[in-house]
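# Reading the structure
The primary structure of each chain is shown beneath.
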Amino acid sequence: MLTPAVENLVAQLTRLPGVGTRTAQRLAFHLLSVPTDESLALGDAIREVKERVRACSECGHLTEDELCTICADSRRDRSVICVVEHPVDVVSLERTHEHRGLYHVLGGALSPLDGVDPGDLRVAGLFERVARGGIVEVVLATNPTMTGEATAAYLADRLRDQVAVTRLASG
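### Re the overall build of the chain
Helices and strands together make up the secondary structure of the chain, namely 7 helices and 6 strands. If you list the helices and strands of the chain from N to C, you get α-α-α-β-β-α-β-α-β-α-β-α-β. Along the first, second and third principal axes, the C-alpha set of the chain runs to 65 × 40 × 30 Å. For the chain, with 171 residues in total, the buried portion stands at 35%. Sequence-distant contacts, at least 24 apart, represent 49% of the contacts inside the chain between residues at least 6 apart. For the chain, the accessible surface area stands at approximately 10800 Å², while carbon and sulfur atoms represent 56% of it.

Structural data, given as structure tokens:
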């Protein structure tokens, strides 16, 4: 019913989280109906973000430079690190304007059933940051899921003798 090129576009769009076939078709038809430069701007933005954005060398958040804006900000409280699973969690917490410390993005959560162990995450980097000194508190802000709770328990057990470890409340 659709051309091969449109079918391919729909198939690629359905690979995005939360985008089913109908939504992908609506997006594809929208892209076909707008001026060419507007559609190509989307492709250029995707290409640019894939080429320029990387993980901060210190915390793992998204950046186009060596350090993200949070790690580079001298006004942040460098004695507190908030541990999260993904960069989107940093964005959510920053919107609250409550945490004025630094972050550490793990890149996921421990899940032995899925084959995700500490070596697959940025856990060693967190331990290195704490070992360097100056950190007095680690706030565990992993997601309130089974894997998030398991990750928080693992980190708390490993860090408890070195720094104060707290957990964000949930519920």
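Still to come is the rest of the account.
### Observations concerning the sheet that holds strand 4 (residues 101–105)
Taken together, 4 strands build an open sheet; the order of strands is 4-3-5-6 and the sheet is parallel. Only two strands of the sheet have a single partner each, and these edge strands are strand 4 and strand 6 (164–167). Geometrically, the sheet is characterised by an average inter-axis angle of 25 degrees between neighbouring strands, direction not taken into account. Relative to strand 6, strand 5 (residues 137–140) runs parallel, the two sharing 4 bridges.

### Regarding the environment of Pro112
Its place among the elements puts Pro112 in the loop between strand 4 and helix 6 (123–131). Residue classification places Pro112 among the exposed positions, given a relative accessible area of 73%. A sequence separation of 22 residues divides Pro112 from Val90, and the C-alpha atoms of the two residues are 25 Å apart.

### Considerations on helix 6
For helix 6, the complete set of buried residues consists of Val123, Leu126, Phe127, Arg129 and Val130. Along helix 6, the residues classed as buried sweep out an arc of 160 degrees about the axis, all on the same side. Those residues of helix 6 that are buried are in contact with strand 3 (77–84), strand 4, strand 5 and helix 7 (146–159). Of the residues one or two after helix 6, Gly133 is the one with positive phi, at around 95 degrees.

Parameters at a glance
- Residues numbered from 1 in each chain as written.
- Predicted model: local features only at pLDDT ≥ 70, side-chain atom pairs only at ≥ 80, totals over all residues.
- Heavy atoms only, no water.
- Helix = DSSP H or I, 4+ residues; strand = E, 2+ residues; numbered from the N terminus.
- Buried < 20%, exposed > 50% of the residue type's maximum accessible area, 1.4 Å probe, protein only.
- Contact = heavy atoms within 4.5 Å.
- Areas by Shrake-Rupley, 256 points an atom, 1.4 Å probe, with all protein chains shown as cover.
- Pairing = 2+ DSSP bridges.
- Axes fitted to C-alpha atoms, helices over the stretch in contact; angles between N-to-C directions.
- Arc of directions from axis to C-beta.

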